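Coordinate inspection notes
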Amino acid sequence: MKSVAIRTLYFALIAVFSAAGAEPKPQYGGFLPDADGHQAYFDYISSLDVIPVEAGDELRQAVEAIPVEPGVPITSEQEADLRDWLYDFLVAFSVSGIDSLAATFYLREGVDDPDQIQQIKERLERGLSPEEIAEIKKVQEQIKAAGLAMSIPIPEPVPDAGDTPLAILKTQHRQNLDAKGCDYFFGNASFFDSAYRVFELQGAYERYLDYIKTYGLLPMGHKGSFLMGNEIEEALQVGEKWVATQFMFIVEEPEECADFERGPMRYPFFVRLVWSPEKAMWRLVEIVMPNNAPVQFSFL
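This one's a predicted model, so the numbers in the text were calculated from it and none came from an experiment. (Residues numbered from 1 in each chain as written. Predicted model: local features only at pLDDT ≥ 70, side-chain atom pairs only at ≥ 80, totals over all residues. Heavy atoms only, no water.)

Taking 1.5 Å of rise per residue, the 16 residues of helix H8 (residues 165-180) would be expected to cover 22 Å, and the 23 Å separating its terminal C-alpha atoms lies within 8% of that figure. All of the buried residues in H8 are Ile168, Leu169, Thr171, Gln172, His173, Gln175, Asn176 and Leu177. Just past H8, the residue Gly181 takes up positive phi, approximately 75 degrees. (Helix = DSSP H or I, 4+ residues; strand = E, 2+ residues; numbered from the N terminus. Expected span 1.5 Å × (residues − 1). Buried < 20%, exposed > 50% of the residue type's maximum accessible area, 1.4 Å probe, protein only.)

This part covers the pairing of strand E6 (residues 242-252). Across the 11 residues that make up E6, a large majority, 9, are buried. In this sheet, E6 lies alongside strand E3 (residues 188-190) in antiparallel orientation, the contact comprising 3 bridges. Its bridge partner being in E6, Ala189 is matched across the sheet by Val251. In this sheet, E6 lies alongside strand E4 (residues 196-201) in antiparallel orientation, the contact comprising 5 bridges. Along E6, the bridge assignment pairs Phe199 with Ala244. For E6 and strand E7 (residues 266-276), the ladder comprises 9 bridges, and the chain directions are antiparallel. Bridge pairing in E7 places Gln246 opposite Arg272. (Pairing = 2+ DSSP bridges.)

Here is a general trend for soluble globular proteins: nonpolar side chains tend to be buried in one another's company. Counting residues in hydrophobic clusters, the biggest one holds 62 residues, and the most contacted among them are Phe89, Phe186, Phe191, Phe269 and Phe297. With 8 residues, helix H4 (residues 76-92) is the single largest residue contributor to this core. One finds Tyr208, Ile212, Leu218 and Val288 within the second-largest nonpolar core, a separate group that totals 7 residues. (Core = buried A, V, L, I, M, F, W, Y, C linked by side-chain atoms within 4.5 Å.)

Let's shift gears to the packing of aromatic side chains. For the structure on display, the rule yields 25 aromatic pairs. Between the aromatic rings of Trp85 and Phe89, the centroid separation amounts to 5.1 Å while the plane-to-plane angle is 20 degrees, which identifies the pairing as stacked. Separated by 4 residues within a single helix, Trp85 and Phe89 lie in helix H4, roughly one turn from each other. A residue is classified by how much of its surface remains accessible, and Trp85, at 1% relative accessible area, is buried. With a relative accessible area of 0%, Phe89 lands in the buried category. (Phe/Tyr/Trp six-rings, centres within 6.5 Å; stacked < 30°, edge-to-face > 60°.)

Keep in mind these values describe shape, not function.
Structure representation (C-alpha cells):
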C-alpha cells in the first residue's frame with residue numbers, strides 16, 4: 001500500500017494538473033467537454049432530488065429500486081447480495097456508521113494482508129517524516145497557486161494504533177475523518193438513472209476507469225483504486241470468466257461538513273464489483289470519483 005504521503009501527493013498533483021491542462025473529453029449527456037459544460041454538468045446533478053444516507057427503510061427501498069440490467073443472468077441470491085453491498089457501503093460511511101463498522105467493511109473488501117496492516121500500523125504510530133511533510137507543503141503551494149479549493153491535512157502520529165487488523169483500520173479511519181473535520185463522508189444520495197449493469201469479464205481486463213474516461217463521465221480529473229487487479233487479470237489470461245457489475249450514483253457530502261461558501265459538494269461515484277464464487281459474495285474491484293471528492297478511504 002502506498003503511504004499516506006504518497007497517496008496524498010498523487011491525488012493532489014492530479015488535481016493541479018487536471019485543472020491546469022485537462023485533455024478534451026467526448027460529449028456526454030449533452031454537456032460539452034469544456035469549462036461551461038463542466039459547470040452545466042454539476043449544475044445538473046445539483047438539481048437532482050436526493051435522500052438522506054442513513055440506515056433505514058428509505059435508503060433500503062431506494063437501493064432496492066435500482067434496476068438490474070443483466071447482460072448475463074444472475075441468481076436471486078446474487079442480486080440480493082449486490083443490493084446489500086451498496087446499502088452496507090453507504091451506511092458504513094454515513095451518519096449511521098461507526099468507526100468499527102467502517103473498519104469491518106474494509107476487512108470484508110480484503111484490506112487484511114498482514115504486511116499491509118503492519119505498514120498501516122507503523123505509519124500511524126510514526127507519523128510522516130520531515131521530508132514527506134515538506135513535500136506536502138510544497139504541493140499545498142502548487143494547489144494554492146492553481147486556485148483550487150482543496151486542502152491537504154498533515155495527520156498527527158497515533159501513539160497506539162492497536163494490535164488487531166480491526167483496531168488498526170478503525171484507527172486509520174478515524175484519522176481520515178479527523179483530517180476531513182467530519183464524522184462521516186456521505187450525507188445524501190441520488191440514484192436517478194442508476195442501474196446495476198451485469199456483464200461477463202473474459203480475455204483481457206478492460207478497466208472501468210477507461211470506460212468512464214471514454215464517455216466523459218468525469219469531466220475534470222479523478223481519483224480511485226483498483227483492487228484484486230492481479231488476481232483477476234491472471235485468471236482471465238488462463239481462460240477463466242468472471243461475472244461483474246458496475247453502477248454509478250450521485251453523492252452529496254454532509255451539510256455540516258461542507259465549505260460554508262460553496263455549500264455541500266455533490267459528485268458522481270462509480271463502482272465495479274466482481275462475483276467471488278469462493279466467498280459467495282460481491283467483491284470491490286474499482287471505485288472512481290472526482291479528484292476533489294471530500295472522502296479518503298483506506299482502500300484508496
